[in-house]
Amino acid sequence: ITTVLTYGTFDMLHIGHINILKRAKSLGDYLIVGISTDEFNTLKSKKSYYSYPDRKRIVEAIRYVDKVIPESTWEQKLEDIKKYNVDYFVMGSDWEGKFDYLNSYCEVIYLSRTEGISTSKIKDDFSQ
Ligand code: C2G
């Protein structure tokens, strides 16, 4: 089977997240999503509204997602690719080029981001 892997915080789930998860799944048969733990969010200097357990349960409920694993370090990607025999590593285009070093282990694909939506935009819109 063809395995796809992607990572993210996936806070305050929105259509941009759904779009990339749907497109990532369409590349194979099995989609694994690494969700940033609350501690890793701190390393990314990101604060999420929902806790890791909630973000995990929300993403697990998405029909395109087959497995959710925790993302707790930058370095785990290579281990995960080997551990799960990943064929395609997918990230949004805002990460273009950042993960090319993984190209010798699997195919690295950057998919265009969905314009006009982001968790920070949602927060800003509500705070006005
Ligand atoms: N995304 C998108 N369109 C948007 C917003 C997000 O396609 N409008 C994509 C991002 O490019 C990313 C995924 O949705 O591939 C998850 O987005 P975030 O939760 O913001 O993830 P991020 O903080 O970029 O974490 O080690 C990788 C990091 O954990 C990625």
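This is a predicted model, so every value here is computed, not measured.

Asker: Would you mind going over the UniProt feature "domain: Cytidyltransferase-like" (unreviewed entry) in the protein with me for this structure?
Answerer: Taking the numbering used here, the UniProt-annotated feature "domain: Cytidyltransferase-like" (unreviewed entry) corresponds to residues 5-123. Secondary structure across residues 5-123 comprises 33% helix and 22% strand; the distance between its end C-alpha atoms is 28 Å.

Asker: Help me understand the nonpolar core in this model?
Answerer: A general tendency of soluble globular proteins is for nonpolar side chains to be buried together. The biggest cluster of nonpolar side chains holds 17 residues, and the ones touching the most others in it are Leu21, Leu31, Val33, Ile35, Val59, Val65 and Val90. Contributing elements (two or more residues each) for this core: helix 1 (15-25), strand 2 (30-36), helix 3 (52-60) and strand 5 (107-111). Those residues in contact with Leu21 that lie beyond four places of it in its chain are Thr6, Phe10, Leu31, Val33, Ile62, Tyr64 and Val65. Leu5, Tyr7, Ile81 and Phe89 belong to the second-largest nonpolar core, a separate cluster that totals 14 residues.

Asker: Is there a simple way to think about the site of the ligand in this case?
Answerer: Near the ligand there are 21 residues, and of these Lys46, Glu71, Asp94, Thr114 and Ile117 occur at the shortest range. Residue Phe10 places a main-chain N or O atom 2.8 Å away from an oxygen atom belonging to the ligand. Here Thr114 contributes a backbone N or O atom positioned 2.8 Å from a nitrogen atom of the ligand. For the ligand, the accessible surface in isolation is 630 Å², of which the surrounding protein chains cover 95%. Of all the secondary-structure elements, those providing two or more residues to the shell around the ligand are strand 1 (3-8), helix 1 and strand 4 (88-92). Considering every element that reaches the shell around the ligand, the biggest residue donor is helix 1, with three residues. By residue class, the composition of the shell around the ligand is seven nonpolar, eight polar and six charged.

Cut-offs and rules
Residues numbered from 1 in each chain as written. Predicted model: local features only at pLDDT ≥ 70, side-chain atom pairs only at ≥ 80, totals over all residues. Heavy atoms only, no water. UniProt positions renumbered as here; feature names shortened; annotations may be inferred. Helix = DSSP H or I, 4+ residues; strand = E, 2+ residues; numbered from the N terminus. Core = buried A, V, L, I, M, F, W, Y, C linked by side-chain atoms within 4.5 Å. Buried < 20%, exposed > 50% of the residue type's maximum accessible area, 1.4 Å probe, protein only. Contact = heavy atoms within 4.5 Å. Near = heavy atom within 4 Å. Polar contact = N/O pair within 3.5 Å; in protein donor to acceptor, adjacent residues only side chain to side chain. Areas by Shrake-Rupley, 256 points an atom, 1.4 Å probe, with all protein chains shown as cover. Nonpolar A, V, L, I, M, F, W, Y, C, P; charged D, E, K, R; others polar.

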